[in-house]
Amino acid sequence: MADHHAVDVGGVRLAYQVSGPPDALPLVMLHALGEDATDWDIVAPVFARSRHVYALDLRGHGRSDWPGEYSLQLMRDDVLGFLDALALDRVDLVGHSMGGIVAYLLAEDCPQRVDRLVLEDVPIPRPRKPTTPSRPDGKLTFDWDMVQAVRRQIDTPDAGWLERLDRITAETLVVAGGPLSHVPQEGIVELARRVPHGRVVTIPAGHLIHKSEPVEFTKTVLAFLRSGENPDLHG
């Protein structure tokens, strides 16, 4: 069972779930747009057998604050502040979709803080045709203003995000969802190629890989994380 905690980072309360042996290597998990830490519940217990797992609610999501000011850069800064607050000097980092963007922004700007990086079906930062999402009916578990702000950034990303991918020093595994995903797969392959120590593996499960194929996802990611403990497994 995960324990629920919260920490103040620059005046923003960030909620998170933590599980696994406290003395194990830290693994931080960042969810997709409109999700929260519970999105990892199906796979986090598997990782928690050998890792100290931290699953965050990013700002504007779940039990974290909804401060009304949103950007992917602010989310990156929140995660960095979270690492500082918990004295996590260097971590393995997993991000799905939007959480993957936050993860690679952190790995670009603070490469010394990320040991191994896993990006699950994360789009390459190139402009795409904007669409106007419709607000779902009823009470939301996330701030709709956040969705609109983040979608604008994903539609028209900062050009520097692409240019700085070569600053990432972490061994990086990019997990692609294959033809069932709405994310252009050729962009995912290019994303992996632009990261100096990047590699790509496809699990043809669509965009929600960790939910659709949790066994294959955890097996693939754990093999990658453990390869850092045994240089002979690098490939």
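Preceding block: the structure.
Novice: I'd like a rundown of empty space enclosed by the protein, residues and numbers included.
Specialist: Unoccupied space between atoms shows up once a probe the size of one water molecule is rolled over them. According to the stated counting rule, one finds one cavity of 30 Å³ or more in the structure shown. Put simply, the largest cavity is a space of about 30 Å³. Lining the largest cavity are Ala 2, Gln 17, Val 18, Ser 19, Ala 37, Trp 40, Asp 41, Ala 44, Val 53 and Ala 55. Elements with a contribution of two residues or more to the lining of the largest cavity: β2 (12-19) and β4 (51-56).

Novice: So what's going on with the layout of surface pockets? Which residues, and what values?
Specialist: Considered as a void within the structure, the largest pocket measures approximately 490 Å³ in volume. Taken together, 25 residues form the lining of the largest pocket, with Pro 123, Arg 128, Ile 154, His 182 and Val 183 sitting closest to its centre. When contributions to the lining of the largest pocket are tallied by element, the ones reaching two or more residues are α3 (98-109), α4 (144-155) and α6 (185-194). Take the lining of the largest pocket: its biggest share by element is three residues, from α3. Partitioned by chemical class, the residues of the lining of the largest pocket number 14 nonpolar, five polar and six charged. Each pocket or cavity is described by its volume, and for the second largest pocket that value is around 190 Å³. Listed by contribution, the elements that provide at least two residues to the lining of the second largest pocket are β2 and α1 (44-47).

Novice: Could you give an account of the nonpolar core, with specific residues and numbers?
Specialist: Ranked by internal contacts, the top residues of the largest apolar core, which has 54 residues, are Leu 30, Leu 72, Phe 82, Tyr 104 and Leu 117. Membership of the second largest hydrophobic core comes to 22 residues, among which are Ala 37, Phe 47, Ala 55 and Phe 224.

Novice: An account of the packing of aromatic side chains is needed here, citing residue identities and associated values.
Specialist: The geometry of an aromatic ring pair comes down to the distance between the two centres and the angle between the two planes. Evaluated as defined, the whole model comprises four aromatic pairs. Taken together, a centroid distance of 6.3 Å and an interplanar angle of 45° make the contact between Tyr 16 and Tyr 54 tilted. Within this pair, whereas Tyr 16 is found in strand β2, its partner Tyr 54 is found in strand β4, the two being separated by 38 residues in sequence. For Tyr 16, a relative accessible area of 9% corresponds to the buried category. Here Tyr 54 falls in the buried class, since its relative accessible area comes to 8%. Where Tyr 16 meets Phe 82, the ring centres are 5.0 Å apart and the plane angle is 75°; that geometry is what we call edge-to-face. Of the two residues, Tyr 16 sits in strand β2 while Phe 82 sits in helix α2 (residues 72-85), which places them 66 residues apart along the sequence. For the residue pair Tyr 16 and Phe 82, the accessibility class agrees, reading buried in each case. Among the aromatic residues, those joined into a ring-pair cluster are Tyr 16, Tyr 54 and Phe 82.

Scoring rules and cut-offs
- Residues numbered from 1 in each chain as written.
- Predicted model: local features only at pLDDT ≥ 70, side-chain atom pairs only at ≥ 80, totals over all residues.
- Heavy atoms only, no water.
- 1 Å grid on protein atoms, 1.4 Å probe; cavity = no way out; pocket = protein on both sides within 12 Å on 5 of 7 lines; lining within 4 Å.
- Points joined across faces, edges and corners; volume = space filled by probe spheres on them.
- Helix = DSSP H or I, 4+ residues; strand = E, 2+ residues; numbered from the N terminus.
- Nonpolar A, V, L, I, M, F, W, Y, C, P; charged D, E, K, R; others polar.
- Core = buried A, V, L, I, M, F, W, Y, C linked by side-chain atoms within 4.5 Å.
- Buried < 20%, exposed > 50% of the residue type's maximum accessible area, 1.4 Å probe, protein only.
- Phe/Tyr/Trp six-rings, centres within 6.5 Å; stacked < 30°, edge-to-face > 60°.

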